[in-house]
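# Observations on the three-dimensional arrangement
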Amino acid sequence: MAHKRGSVLEAWLAGSLPPGLPSEDADRFHNPIGHALRTAFPVLVDAVMEGAGLDRANCCLESLVRIGAVQDGTPAQSLAFLFRLKPILREQLDGEASRAMEDRIDSLALLAFDLFTRAREEARRLQADEVRRQSYVQRRAGGQEA
């Protein structure tokens, strides 16, 4: 099964990159989403296929989820990349994909949803704080005391 890891990883990455992003540009400044996916996916594949490195997988998952949380998409759109792994495992592993792997994907998806919710709440709180700060600054600049 370890010999199929690379093909599983490539298929998952190819199916998860947003349209229009260059698949070969791994530079974190020119292609931050692609870089985040290329950094996190190997760790997540290991966690799913081998059950290894779940703590590290949580950190990688959080970095991916934060990207989706600050965009305008729905949670389903932001977290769909996790569920794309199931059919890839079934296809690439020719029946070797176990129920345990699918259960690990489901566990990661539940964790990702919690992380997404927290990250989106934090982003909204920061936006509200910034609006309040700007309003205060404008009132002070206009000579009005709060």
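Our subject is the structure that appears above.
The structure presented is a predicted model; accordingly, all values stated were derived computationally and were not measured.

## Here we look at the overall build of the chain
- In terms of helices and strands, the chain carries six helices and zero strands.
- When the helices and strands of the chain are listed from N to C terminus, the series reads α-α-α-α-α-α.
- Within the span of the chain, comprising 146 residues, buried residues form 34% of the whole.
- At a minimum sequence separation of 6, the contacts of the chain that also span at least 24 residues come to 65%.

## Focus on helix H5 (residues 85-92)
- Here H5 has its buried residues at Leu85, Lys86, Ile88, Leu89 and Gln92. Seen from one end, H5 has its buried residues packed into an arc of 165°, which puts them on one side.
- Taken together, the buried residues of H5 touch helix H1 (5-16), helix H2 (32-50), helix H4 (75-83) and helix H6 (99-141).
- Aspartate 94 sits one or two residues past H5 and shows a positive phi near 45°.

## Observations regarding the packing of aromatic side chains
- Enumeration over the complete set of coordinates arrives at three aromatic pairs.
- Ring centres of phenylalanine 41 and phenylalanine 81 lie 5.9 Å apart, and the angle between their planes is 20°; this geometry places the pair in the stacked category. A residue pair is termed long-range when its members are at least 10 positions apart, and phenylalanine 41 in helix H2 and phenylalanine 81 in helix H4 qualify at 40 residues. For the residue pair phenylalanine 41 and phenylalanine 81, the accessibility class agrees, reading buried in each case.

## Details of the pattern of salt bridges
- In this structure the tally under the stated criterion is ten salt bridges.
- When the shortest N-O distance is used, the salt bridge between glutamate 130 and arginine 133 registers 2.7 Å. Taken together, the residues glutamate 130 and arginine 133, both in helix H6 and three residues apart, mark about one turn of the helix.
- Given the relative accessible area of 31%, glutamate 130 is considered partly exposed.

## Focus: the side chain of serine 78
- Secondary-structure assignment places serine 78 in helix H4.
- A distance of 3.4 Å separates the side chain of serine 78 from the backbone oxygen of glycine 68, its partner in a polar contact.
- Setting aside chain neighbours within four positions, we find serine 78 in contact with Gly68 and Phe116.

## Some remarks on the nonpolar core
- Within the largest apolar cluster, 36 residues are counted, with the highest numbers of intra-cluster contacts made by Trp12, Phe41, Leu44, Leu61 and Leu89.
- Secondary-structure elements contributing two or more residues to this core are H1, H2, helix H3 (54-69), H4, H5 and H6.

## Observations regarding the packing of H1 against H5
- Viewed as axis vectors pointing N to C, H1 and H5 meet at an angle of 145°, and their least axial separation amounts to 10 Å. Two packed elements cross with a definite hand, and for H1 against H5 that hand is right-handed. Contacts between H1 and H5 pair Ser7, Val8, Ala11 and Trp12 from the former with Leu85, Ile88, Leu89 and Gln92 from the latter.
- Here the residues of the contact of H1 with H5 sort into six nonpolar, two polar and no charged.

## A closer look at the state of the cysteines
- Within the structure shown, the criterion is met by zero disulfides.
- Here cysteine 59 stays free of any disulfide, with the sulfur of cysteine 60 as its closest cysteine sulfur at 6.9 Å.

Definitions and limits used
- Residues numbered from 1 in each chain as written.
- Predicted model: local features only at pLDDT ≥ 70, side-chain atom pairs only at ≥ 80, totals over all residues.
- Heavy atoms only, no water.
- Helix = DSSP H or I, 4+ residues; strand = E, 2+ residues; numbered from the N terminus.
- Buried < 20%, exposed > 50% of the residue type's maximum accessible area, 1.4 Å probe, protein only.
- Contact = heavy atoms within 4.5 Å.
- Arc of directions from axis to C-beta.
- Phe/Tyr/Trp six-rings, centres within 6.5 Å; stacked < 30°, edge-to-face > 60°.
- Salt bridge = Lys/Arg side-chain N within 4 Å of Asp/Glu carboxyl O.
- Polar contact = N/O pair within 3.5 Å; in protein donor to acceptor, adjacent residues only side chain to side chain.
- Core = buried A, V, L, I, M, F, W, Y, C linked by side-chain atoms within 4.5 Å.
- Axes fitted to C-alpha atoms, helices over the stretch in contact; angles between N-to-C directions.
- Left-handed = near helix turned anticlockwise from the far one by under 90°.
- Nonpolar A, V, L, I, M, F, W, Y, C, P; charged D, E, K, R; others polar.
- Disulfide = S-S within 2.5 Å.

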